[in-house]
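The primary structure of each chain is shown beneath.
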Amino acid sequence: MTPPSGPPVQPAAINGRRRRDGGRSTLIALVSTVVFFSLVGWVIVSSSSWPQVQQDFFDGGVFWRSLPEIVGALITNIQLFLIAEVLVLALGLLLAVLRSLPGPVFFPVRLLAIAWADVFRGLPSILIIYLLGFGVSALGIPGLPNDPFFWAVVSLTLVYTAYVSEVYRAGIESIHPSQAAAARSLGLTRAQALRHVVIPQAVRRVIPPLLNDFIGLQKDSVLVSLIGVVEAFRTANIQQEALFNYTPYVALGAVFLVMTLPLTRLTDYLVARDRRRYLAGAR
Amino acid sequence: MTGAPISGGTTPLGPSEVVRIESLSKSFGKLAVLRGIDLAVREHEVVCLIGASGSGKSTLLRCINLLEPIDAGRILMDGADISLPGVDDNKVRRRIGIVFQAFNLFPHMSVLDNVTLGPRRVLRMPRDQAERDATELLARFGLADKRDEYPDRLSGGQQQRVAIVRALAMHPELMLLDEITSALDPELVAEVLSVVRELAAGGMTMIIATHEMGFARDIANRVCFLDAGRILEEGPPSQIFSTPSQPRTRQFLDRVIAAGRM
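Let me sum up the structure you'll find in this document. (Residues numbered from 1 in each chain as written. Chains lettered and ligands numbered in written order. Predicted model: local features only at pLDDT ≥ 70, side-chain atom pairs only at ≥ 80, totals over all residues. Heavy atoms only, no water.)

### Points about the sheet that holds strand E6 (residues 96–99) of chain B
Residue and element names in this part refer to chain B. A sheet is described by the order of its strands in space; here six strands give the open sequence E6-E7-E8-E3-E9-E10, paired in mixed fashion. Each end of this open sheet is capped by a strand with a single partner; those strands are E6 and strand E10 (230–235). Across the sheet, the mean angle separating the axes of adjacent strands is 20° when strand polarity is ignored. Taken together, the four bridges between strand E3 (residues 46–50) and strand E8 (residues 206–209) define a ladder with parallel strand orientation. Across the sheet, Leu49 pairs through a bridge with Ala209, a residue of E8. Helix-sheet contacts for helix H1 (residues 57–64) involve E3, E6, strand E7 (174–178), E8 and strand E9 (222–227), and the interaxial angle to E7 is about 150°. Sitting on the sheet, helix H9 (residues 247–258) touches E3, E9 and E10, and the angle it makes with E9 is about 95°. (Pairing = 2+ DSSP bridges. Helix = DSSP H or I, 4+ residues; strand = E, 2+ residues; numbered from the N terminus. Axes fitted to C-alpha atoms, helices over the stretch in contact; angles between N-to-C directions. Contact = heavy atoms within 4.5 Å.)

### Quick word on helix H9 (residues 190–205) of chain A
At Val198 of chain A, H9 of chain A shows its maximal bend, which comes to roughly 45°, and the proline Pro200 of chain A appears one to four places after that position. Gln192, Ala193, Leu194, His196, Val197, Val198, Ile199, Gln201 and Ala202 of chain A are the residues of H9 of chain A that are buried. (Bend = angle between axes of the 7 residues up to and from the residue. Buried < 20%, exposed > 50% of the residue type's maximum accessible area, 1.4 Å probe, protein only.)

### What to know about the side chain of Ser66 of chain A
Residue and element names in this part refer to chain A. With respect to the secondary-structure elements, Ser66 resides in helix H4 (residues 60–99). For Ser66, a relative accessible area of 1% gives the class buried. A polar contact of 3.1 Å, which involves the side chain of Ser66, links it to the backbone oxygen of Phe63. (Polar contact = N/O pair within 3.5 Å; in protein donor to acceptor, adjacent residues only side chain to side chain.)

### So, a nonpolar patch on the surface
On the surface, Val119, Leu123, Ile126, Leu127, Tyr130, Leu131, Phe134 and Leu226 of chain A cluster together into a nonpolar patch covering about 660 Å² of accessible area. Inspection of the secondary structure assignment puts Val119 of chain A in helix H5 (residues 107–122). (Patch = residues over 30% accessible without salt bridge, like charges linked within 9 Å, V, L, I, M, F, W, Y side chains within 5 Å. Areas by Shrake-Rupley, 256 points an atom, 1.4 Å probe, with all protein chains shown as cover. Salt bridge = Lys/Arg side-chain N within 4 Å of Asp/Glu carboxyl O.)

### Looking at the pattern of salt bridges
Oppositely charged side chains can pair when the atoms bearing their charge come close. As enumerated under the stated definition, the model contains 25 salt bridges over all chains in all. Lys57 of chain B is the salt-bridge partner of Glu179 of chain B, the closest N and O atoms lying 3.7 Å from each other. Remark: Lys57 of chain B occurs in helix H1 and Glu179 of chain B occurs in the loop between E7 and helix H6 (186–201); sequence separation between them is 122 residues. Note on Lys57 of chain B: relative accessible area 2%, which makes it buried. Residues participating in the shared-partner salt-bridge network are Arg99, Asp118, Arg121, Glu166, Arg169 and Glu173 of chain A.

Okay, here's the thing in structure tokens:
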């Protein structure tokens, strides 16, 4: 009856049943979780080489000693991915729109957009970081900075723009053509229909995959350590070499989880709220 | 029943013709959907298109609104062919309102924003003026209290009435209604049809594709029976519905009556 606008609404009956069985389900989940993780823990700890592994990877003293420096260096990662994310959000949308331009006049523009998406999704990120970070800066073209941080931002932006443009494109294509037709029938231009009707709906729909790509981008920010940016991974690496202990890497992992988990949870919450607003109200 | 000639017809076509379609043809691939349509609609006239599904009613309306490019023929408004390449289709569309079978409201906008989008973005009307106009129109069609709702919170009949108001907000010279009650539950049809009756009473020029024969008989000045992409027969509803001259028209109406739709 209404224009398609997302996955089907959960029937109320399912919620009702879930509520009634809630107490018992929680108990079963709790017991099962405790048993499962106790078992896994026992298998690991009872292994003959566990004491050595524990000493090399889970040294509490090293953990707390290395943590402040790693967190300090993480500022660089955060700066890096925040700048890249803003650029990626804008350029990805631009690329998706360019790729959807109709007519033979825009063929070269479409070709460029397709080439961008194909090349930068097809090459390993680390290769692009190397090539741009060492190769282009070695060219010494006047006006282009030599700063590895700059090339780190450029590399990650190029790669993730390719992914995000595909996400946007899928979102744009998922909006039924009748929406654009309705907008055009009011006299809106193609661009206005895209701007006011298609893109707002498309963006809402692609928030989860968009956030997934951003979590990927945040993690990949450690790759730029390879072209000499001193960030969290490089810092952990320095400490590992100084202390002959791998615990700094575990500390880095913990820091990353602390950073990405709330983001994931927040996204899920936003999506659920949006869905309630647009779908659950029907009838 | 005639579209009373109104003063100041500046077109060289005929007295106060809003649109004139000449030998319009349209194919989708090998399928010829419209095969030489001729139709002129005068100011204040209500023309109903009837015919089986696939006879070309919807395609004809979409062609008039330039949502579908045509293969041959002309569509004239004010004496100018609007179907020529190079004509600014956005300028044409703002003069012609269309309401779709599936409503096609914008689900991410409130009712008010749905209605003001065209006036604000196309006519460059200031927001407060567009909102005043929209509120007035919504009130006229019993939707004042739905102003700030989102489309998904409205019934089908309410959604379709909003879609009509959205088209009206552009103050079109011509309204095209494309089977606007076909997607509605039976009990919601009447509220939408009464809106259309009000428009007709207000003098709106309309071309209506419909399966509601009783409604067509009441409201139309002229009924066109489409069959396989041609207007096979046209005339005042009294004639088409009681003494159709073409056997195909008679067949179609017999089937409609047998289905209890009239």
